[in-house]
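A closer look at the structure
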Amino acid sequence: MQRIRLRYTKRGRLRFTSHRDFQRAFERALRRAEVPMAYSAGFTPHPKVSYANAAPTGTGSEAEYLEIALTETRDPETLRALLDESLPAGLDITDAVEARTSGLADRLTASVWELRLDGVTPEDAEKAVEAFLAAETVEVQRKTKNGIRTFDARAAVADLVADRPQAHSLADRPLDNACAILRLVVRHVTPAVRPDDVLSGLRAVADLAPPVPAAVTRLAQGLFDEESGTVTDPLAPDRETVTAASPTAAVTASATAPGTGSA
């Protein structure tokens, strides 16, 4: 059995698709692309697809991940292209690698988010960010199926900065009024702290209340490096293992080893 790990996006209007909607669309794409899927056992077999930490409905993402199990070996890049062609524009498969390591979900320990706040000046956003980061705790509330839950939104935030929008970020929503961009790095903790929880925290500490809903996009997710404060690519260990095990790498290593050569 071969396992392939995929990175995909939710862009434009497709950000409003639920995770269940994506599951249905992806399973249709598997059938269209004639992927030799492995199936679970039992009375109702399902294709072996493992989804990892899906973004909330309504948020865009450049870094969603899943893993599929195949009954026949396939080239990851060829498979990626076939699946990408079979999905609607906006749900794009951007990377594929053969799984050579375990624990993909364990490497998703933090996310990088971009929050576009229309109607908020960068100066007001900067003041609110300063107040949020200066607080030891920022309690927020969220409605859950078990009622209202109160938790600290500050502890999970590894980094938060306010900035002005760049030209490339104005394509979907042209700038015709005040606008601030927040870039947020948040650790994946329990209970999960989401971008809207951080916005609730900014409202609590600095009365920052955007007049329209924020446009939220996940830019990356992966293992959080405490020393550099960056989020690393979770597919990198698999890619490095595949490269090290490739025949080309083995031949190169043999040719450059001391004492080798033609007899």
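**Some thoughts on the pattern of salt bridges**
- One pass over the full model with this rule turns up 20 salt bridges.
- Between glutamate 72 and arginine 74 there is a salt bridge, with its nearest N and O atoms 3.1 Å apart.
- A salt bridge links arginine 116 to aspartate 118, with the shortest nitrogen-to-oxygen separation between them at 3.1 Å.
- On the basis of relative accessible area, aspartate 118 is assigned to the buried category, the value being 7%.
- A single network of salt bridges, built from pairs that share partners, joins Arg3, Arg5, Glu67, Arg107 and Asp238.

**Focus: the packing of aromatic side chains**
- Per the stated rule, a full pass over the model turns up three aromatic pairs.
- With 4.1 Å between their ring centres and 5 degrees between their planes, tyrosine 8 and phenylalanine 22 make a pair best called stacked. With tyrosine 8 in strand β1 (residues 2-10) and phenylalanine 22 in helix α1 (residues 19-32), this residue pair connects regions lying 14 residues apart in the sequence. Each member of the pair, tyrosine 8 as well as phenylalanine 22, is classed as buried.
- Centre to centre, the rings of phenylalanine 22 and phenylalanine 26 are 5.8 Å apart; their planes meet at 20 degrees, and the pair counts as stacked. A residue pair is termed a helical-turn pair when its members lie 3 or 4 positions apart in one helix, as phenylalanine 22 and phenylalanine 26 do in helix α1 at four residues. Here phenylalanine 22 and phenylalanine 26 have matching classes, each one buried.
- Following the ring pairs from residue to residue traces out a cluster consisting of Tyr8, Phe22, Phe26 and Tyr51.

**Considering the side chain of threonine 217**
- With respect to the helices and strands, the residue threonine 217 is situated in strand β10 (residues 215-222).
- By relative accessible area, threonine 217 is classed as buried at 16%.
- Separated by 3.5 Å, the side chains of threonine 217 and arginine 15 make a polar contact.
- For threonine 217, the residues in contact, after removing those within four places along its chain, are Arg15, Gly60, Ser61, Glu62, Val112, Trp113 and Glu114.

**Quick look at the packing of helix α3 (residues 122-134) against helix α4 (residues 195-206)**
- Closest axis-to-axis distance for the α3/α4 pair is 9 Å, and the angle between their directions is 95 degrees. Relative to α4, the element α3 lies roughly perpendicular. The segment α3 lies against α4, with Ala128, Val129, Ala131 and Phe132 engaging Val198, Gly201, Leu202, Val205 and Ala206.
- A per-class count over the contact of α3 with α4 returns eight nonpolar, one polar and no charged.

**Some thoughts on the pairing of strand β7 (residues 147-152)**
- In the sheet, strand β6 (residues 139-144) pairs with β7 via six bridges, with the strands oriented antiparallel. Paired with glutamate 139 across the two strands is aspartate 152, which belongs to β7.
- Two successive antiparallel strands, β6 and β7, enclose a turn made up of two residues.

Each value, and the rule that gives it
- Residues numbered from 1 in each chain as written.
- Predicted model: local features only at pLDDT ≥ 70, side-chain atom pairs only at ≥ 80, totals over all residues.
- Heavy atoms only, no water.
- Salt bridge = Lys/Arg side-chain N within 4 Å of Asp/Glu carboxyl O.
- Buried < 20%, exposed > 50% of the residue type's maximum accessible area, 1.4 Å probe, protein only.
- Phe/Tyr/Trp six-rings, centres within 6.5 Å; stacked < 30°, edge-to-face > 60°.
- Helix = DSSP H or I, 4+ residues; strand = E, 2+ residues; numbered from the N terminus.
- Polar contact = N/O pair within 3.5 Å; in protein donor to acceptor, adjacent residues only side chain to side chain.
- Contact = heavy atoms within 4.5 Å.
- Axes fitted to C-alpha atoms, helices over the stretch in contact; angles between N-to-C directions.
- Parallel < 35°, antiparallel > 145°, perpendicular 65-115°, else oblique.
- Nonpolar A, V, L, I, M, F, W, Y, C, P; charged D, E, K, R; others polar.
- Pairing = 2+ DSSP bridges.

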